[in-house]
Amino acid sequence: MELRQLTYFVTVAREGSFTRAAELLHVSQPGVSAQIRQLEKDLGQRLLDRSGRRVGLTPAGEAVLPHARAALAAAGEARRAAQEFGGLQRGHVRLGTVSGAALPGSGTLPSLPGLATTLAAFRKEHPGIDLSLAENTTRHLLAELRAGRLDLAVAGLPTPASGRPGDDGWDTLAGLALHPVLEIPLAAVLPHDHPLAADGPLPVAELAGHALVSTPHGTGLRTALDRAFAEAGATPAIAVEAAAPAHLLELAAHGMGVAVLPTPTHSPGLRVRPLTSPVPLARIALVHPTDRPRTAPTSALLAHLRRTYPGL
């Protein structure tokens, strides 16, 4: 018994005609007839009734047909599984990340391995899968995901990020799945000679009137900062914008303003004060589209990232 014979049998049973089955299968009618006769010989039973104008099933054929269909379905699943495994041997994933989340030790992912470390571990498991890494603002990354130019993204999101219209314009999250990794409280980083350079928490409202350096609009950090100021009834005075947290630290060190960012792991010559009343929270999340199927390499990387960053 061969899968080809079962395919011919199922097709003839469905079409009620050897001629039509042969046309659909792109083989000759005598070839279809010969293979089904061989199948009937192997099983010791006639499966098809050829006596009428339309080919029908014999009682034995009716009993065998469900099993033939199940065998073909199982073979198809085996083929798909093998193809997916083959896809994991080679392929390409386009990953986007907000600036500062791509390198370990940035302070963006405290107590968790940096993204570069995580991607290196994935590449070791799947050496045939190539990776493209692009850095940009969250708003740009979400647009690239929706346009199909990225497969996955590690993005900074506001808190909460519901995706509902009116949620600070983040209705662009519709059609995207979020896996929150962690929430990060923001701090004020400033030179020791700054008027606000003291110990202890710093209320957000006290930053009003002082020059700030922050990330641009469309980033999770900036959205968290703007929300905190709005809740405190104040307006931030952004003097300089920079995309990378490392640049914010450097600007603060040169007296360009108070940097607002996650607590840095290394800030020589700078005072760090946690912000309060309210505490601005930036959220890091894995984001992927829900409106199109994922490739096997993309699914594998997403699973690897979710294992490494189990979420909130």
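Just so it is clear, the model here is predicted, and its values are computed rather than measured.

(A) Representation of the pairing of strand S11 (residues 270-276) in the model. Two elements, strand S6 (residues 176-191) and S11, share five bridges in a ladder whose sense is antiparallel. Each residue of the ladder has a partner; that of Ala-188, found in S11, is Arg-273.

(B) Up close: the pattern of salt bridges. By the definition in use, this model includes 12 salt bridges. Note that Glu-2 is salt-bridged to Arg-4, the shortest N-O span being 3.4 Å. One salt bridge in this structure joins Arg-292 and Asp-291, with 3.9 Å as the shortest N-O distance. Classification of Arg-292 as partly exposed rests on a relative accessible area of 27%. Here Asp-291 falls in the exposed class, since its relative accessible area comes to 59%. Linked by salt bridges that have partners in common, Arg-14, Glu-15, Arg-20 and Glu-23 make up one network.

(C) Helix H8 (residues 245-253), seen in detail. For H8, the set of buried residues is Pro-245, Leu-248, Leu-249 and Ala-252. All buried residues of H8 fall inside an arc of 100 degrees around its axis, so they share one side. Buried residues belonging to H8 abut S6, strand S8 (211-214), strand S10 (258-262) and S11. Note on H8: the residue one or two positions beyond its end, Gly-255, has a positive phi of about 75 degrees.

Definitions and limits used
- Residues numbered from 1 in each chain as written.
- Predicted model: local features only at pLDDT ≥ 70, side-chain atom pairs only at ≥ 80, totals over all residues.
- Heavy atoms only, no water.
- Pairing = 2+ DSSP bridges.
- Helix = DSSP H or I, 4+ residues; strand = E, 2+ residues; numbered from the N terminus.
- Salt bridge = Lys/Arg side-chain N within 4 Å of Asp/Glu carboxyl O.
- Buried < 20%, exposed > 50% of the residue type's maximum accessible area, 1.4 Å probe, protein only.
- Arc of directions from axis to C-beta.
- Contact = heavy atoms within 4.5 Å.

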